[in-house]
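Examining the three-dimensional arrangement
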Amino acid sequence: MNNRSFIFNKDEKILVGLNWKSTIFENSDVDLMAIMLDENEKLLYKSDLIFYNNLFSKNGSIFHTGDNTTGNFENDDESILVNLDLVPKNIKYIRFIITNLDGNKNIENIGFRIAKMEDIYDNKGDEIYSHKFVDSNFHIMYIFEIIQKEDSFIGNICLKELEKSIIQLMAKYNIQVE
């Protein structure tokens, strides 16, 4: 586990951006997800799993910019924006996950970055961390978490490959995958 940590004020806005390059232009999908959990690490509402098919958290504090199925954009291929000021008090953890469900070998240069934004409409922000994976042959990677404290938030870089399938991961939070 990477020991990199950040302290965020409650009024800050954070961007987590995902990027990748594809050697082909079809079936090269990598996805970015965020999940909001309470102090017992439980998902309270299915709408607090934010991904390409659910772009907003229940209370609007987290927004996914949409699905990109090809990669190869100049900047972020997918982004999740977090307005820390709107995160409910009962949410203790926000965890960010990259899924490369096919373990696609036609994808290279998977990376992510974390930036502080001036406002929620800033799609670039001031980058505070970036990482490129040497090996893109993973299925699910837990990359980053934000932990809500009494009067601030702590961000931790995680970089941990999860051994569970996406179905097992979702089942942990009582979400049916079709």
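All of these numbers come straight from a predicted model, not from anything done at the bench.

In the structure shown here, the tally under the stated rule is seven aromatic pairs. For the pair Phe 6 and Tyr 129, a centre-to-centre distance of 6.2 Å together with 70° between the ring planes defines the contact as edge-to-face. With Phe 6 in strand β1 (residues 5-9) and Tyr 129 in strand β9 (residues 126-132), the pair connects residues that are 123 residues apart, well separated along the chain. Judged by its relative accessible area of 11%, Phe 6 is buried. In textbook terms, an aromatic cluster arises when at least three aromatic residues are bridged by ring pairs, as seen for Phe 6, Phe 8, Phe 112, Tyr 129 and Phe 133.

With that settled, consider the pairing of strand β10 (residues 140-148). Most of β10 sits inside the fold, with nine of its nine residues counted as buried. Strand direction decides the pairing type here: strand β7 (residues 93-99) and β10, joined by seven bridges, are antiparallel. If you follow Ile 94 over to β10, its bridge partner there is Ile 146. By the bridge criterion, seven bridges tie β10 to strand β11 (residues 152-161) in an arrangement that is antiparallel. Paired with Gln 148 across the two strands is Phe 153, which belongs to β11. Linking two consecutive strands that pair antiparallel, namely β10 and β11, is a turn of three residues.

Attention shifts here to the confidence of the model for the protein. Mean pLDDT over the protein: 84, with 81% of residues reaching 70 or higher. Put simply, helix α1 (residues 166-172) is where the protein has its lowest mean pLDDT, 71, and β1 is where it has its highest, 95.

Following the sequence through the fold, Ala 34 ends up in strand β3 (residues 31-37). On the accessibility criterion, Ala 34 (1% relative accessible area) is buried. With sequence-adjacent residues up to four places away left out, Ala 34 is seen in contact with Asp 48, Leu 49, Ile 50, Ile 80, Ile 94, Arg 95 and Phe 96.

The strand order across the open sheet formed by six strands is β1-β11-β10-β7-β3-β4, and the pairing between neighbours is antiparallel. Looking at which strands have only one partner, the edges of the open sheet turn out to be β1 and β4 (49-50).

Further remarks concern the pattern of salt bridges. The full count for this structure, using the stated rule, is five salt bridges. Two residues, Glu 145 and Arg 95, come together in a salt bridge whose shortest N-O distance is 3.1 Å. A residue pair is termed long-range when its members are at least 10 positions apart, and Glu 145 in strand β10 and Arg 95 in strand β7 qualify at 50 residues. A relative accessible area of 10% means that Glu 145 is categorised as buried. The closest approach of N and O atoms between Glu 127 and Arg 113, which form a salt bridge, is 3.8 Å. Highlighted residues: Glu 127 in strand β9 and Arg 113 in strand β8 (residues 107-117), separated in sequence by 14 residues. By relative accessible area, which is 46% here, Glu 127 ends up partly exposed. Here the residues in one salt-bridge network are Glu 41, Arg 95 and Glu 145, joined through shared partners.

Criteria and thresholds
- Residues numbered from 1 in each chain as written.
- Predicted model: local features only at pLDDT ≥ 70, side-chain atom pairs only at ≥ 80, totals over all residues.
- Heavy atoms only, no water.
- Phe/Tyr/Trp six-rings, centres within 6.5 Å; stacked < 30°, edge-to-face > 60°.
- Helix = DSSP H or I, 4+ residues; strand = E, 2+ residues; numbered from the N terminus.
- Buried < 20%, exposed > 50% of the residue type's maximum accessible area, 1.4 Å probe, protein only.
- Pairing = 2+ DSSP bridges.
- pLDDT = per-residue confidence, 0-100.
- Contact = heavy atoms within 4.5 Å.
- Salt bridge = Lys/Arg side-chain N within 4 Å of Asp/Glu carboxyl O.

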